[in-house]
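Summary of structural features
As a plain string of letters, each chain reads:
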Amino acid sequence: MPYPTQPTASHFINGAYVEDTAGAEIPVIYPATGEQIAQVHEATPAIIEQALNSAKAAQKAWAALSGTERGRILRRAADMIRERNHDLSVLETYDTGKPMSETLYVDATSGADALEYFGGLAGSLTGEHIQLGDDWVYTRREALGVCVGIGAWNYPTQIACWKGAPALACGNAMVFKPSETTPLCALKVAEILHEAGLPAGLYNVIQGTGVVGAPLVSDPRVDKVSLTGSVPTGRKVYAAAAAGIKNVTMELGGKSPLIIFDDASLEDAVGGAILANFYSSGQVCSNGTRVFVQKGIKEAFLARLHERLSEAVIGDPMDEATNFGPMVSENQMKIVQSYIEKGKAEGARLVCGGTRLEREGYYLEPTVFADVHDDMIIAREEIFGPVMAVLDFEEEEDAIARANATEFGLSAGVFTSDLTRGHRVIAQLEAGSCFINSYNDAPVEAPFGGSKQSGVGRENSKSAIEHYSQMKSVYVRMGAVDAPF
Ligand code: NAD
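Residues numbered from 1 in each chain as written. Predicted model: local features only at pLDDT ≥ 70, side-chain atom pairs only at ≥ 80, totals over all residues. Heavy atoms only, no water.

**A closer look at the sheet that holds strand β20 (residues 469-476)**
- With antiparallel pairing, the three strands of this open sheet are ordered in space as β5-β6-β20. Two strands lie at the open edges of the sheet, namely β5 (129-132) and β20, each paired on one side alone. On average, adjacent strands in this sheet sit at an angle of 20° to one another, irrespective of strand direction.
- The pairing of strand β6 (residues 135-143) with β20 spans eight bridges and is antiparallel. Looking across to β20, one finds that Ala143 is bridged to Ser469. (Pairing = 2+ DSSP bridges. Helix = DSSP H or I, 4+ residues; strand = E, 2+ residues; numbered from the N terminus. Axes fitted to C-alpha atoms, helices over the stretch in contact; angles between N-to-C directions.)

**Describing the site of the ligand**
- Taken together, 27 residues sit near the ligand, with Gly151, Glu180, Ser230, Thr233 and Glu382 positioned nearest.
- Between a nitrogen atom of the ligand and a main-chain N or O atom of Leu252, the distance comes to 2.8 Å.
- When isolated, the ligand has an accessible area of 850 Å², and the protein chains bury 87% of it.
- If you list the elements that add at least two residues to the shell around the ligand, you get α8 (210-218), β10 (224-228) and α9 (231-243).
- Residue contributions to the shell around the ligand peak at three residues, all from α8.
- Of the residues that constitute the shell around the ligand, the class distribution is twelve nonpolar, eleven polar and four charged. (Near = heavy atom within 4 Å. Polar contact = N/O pair within 3.5 Å; in protein donor to acceptor, adjacent residues only side chain to side chain. Areas by Shrake-Rupley, 256 points an atom, 1.4 Å probe, with all protein chains shown as cover. Nonpolar A, V, L, I, M, F, W, Y, C, P; charged D, E, K, R; others polar.)

**Some remarks on unusual backbone geometry**
- Not every positive phi belongs to a glycine, and Ser281 is a case in point at roughly 50°.
- Relative to the assigned elements, Ser281 resides in the loop between α10 (266-275) and β13 (290-294).
- Residues other than glycine seldom take positive phi values, yet Asn437 does so here, at roughly 55°.
- Within the fold, Asn437 resides in the loop between β18 (433-436) and β19 (455-456).

Right, dumping it as structure tokens:
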């Protein structure tokens, strides 16, 4: 393969690239052109065995190191990722089609943030001492064992690090399966971690579809499963993990509300709605795709939104001036096109966009529907593309009730200049990751995750430690044992 994107081999196991051409071929397509830029092979049962065995064999010695020693390696990997940010961003752009104006700033760099943050925390992970008269209890924070990470295609580097960093900081080993749509970036994360000094076997990457994910989830050697994906996949993976009483983290889909009151700064509200719908061409799980706009500001909001969307620079993702790229795949583009057709058929008003660009690659225009009603399909289902639904409201209570009338609970946002109202409204919204006068910020220091059907557990922040470790409590008797007989 003449492209620099072709990896050395499909999988990374026990500290080295591994190939097994008996696995089904997975073509890697550059979404901006539709060209094939690499090819990997799906993991065979023999590859799955190798990955799980090497993780199992390496984990105990890793957990026996001090947290500071583990953390040092993660922080070294973070530094190496930052030094190689440009090359990693080019690879992320090839893998996903996202423009360099995004990947240079939020993909490898947020992966490095996670490695640095959890590397820093590793040395401070402790149990506690509980005095009970002369007796006492102490707790030990222990690793879970072997963790499986399964990724979605929208943030392949970030997801590989958001799962790997806390898992490794807590003394676990990981087998990571990227999405079959974007298999390239996680291999680089594995390569860098090992170059930074990670002992072989602790971070393995194997390729494949759900056919590879399913046996990983049900394998008895696996203690924890962390999935980033859609709600239907989450249901399957959660059920399979439950059969083995495994720990889970589920980062799933959403249909999040963004409520804009008519006292909000118009410019900020429009900017927030753009970030909430069109970043990464709308392929962000936490997007605020149901935009509730108070009637007083509605027409001004739509007019300014239309104006600013016409300034989007749509084009070659490798050109740093481009700020809106293609959909990740032909399949995803078709799914989004079918939702646009449903929006039109249901009678929503198409304010702008709605069509595929006449050029190679999987480009759709940023699309806005107004006069959307709560019962329309485009207001109920996750589209995962650049389609904003604008809904009207008059009363605060009404907006809150309608915002919460969904099975999802990933994110929510509110724009208002009334701070009391901002806090009052956000407290009532049923969602895990919320924003006031902002949207889609995800610093590693803040817990990230969903409520309701959008997920279980939290990634990032100190909260993630709870999901990648377990507490052992040890009762210590200092005197005689008083038994009944
Ligand atoms: P998907 O559910 O189709 O696939 C996710 C992953 O699960 C892939 O790696 C896939 O191969 C794997 N998989 C599929 N079936 C499986 C099975 N039975 N057992 C084990 N693994 C299986 O999702 P996608 O299309 O890759 O990504 C888009 C979805 O991900 C959207 O719904 C989006 O909201 C969600 N997402 C959520 C977050 C979050 O943090 N909450 C972040 C990004 C994406």
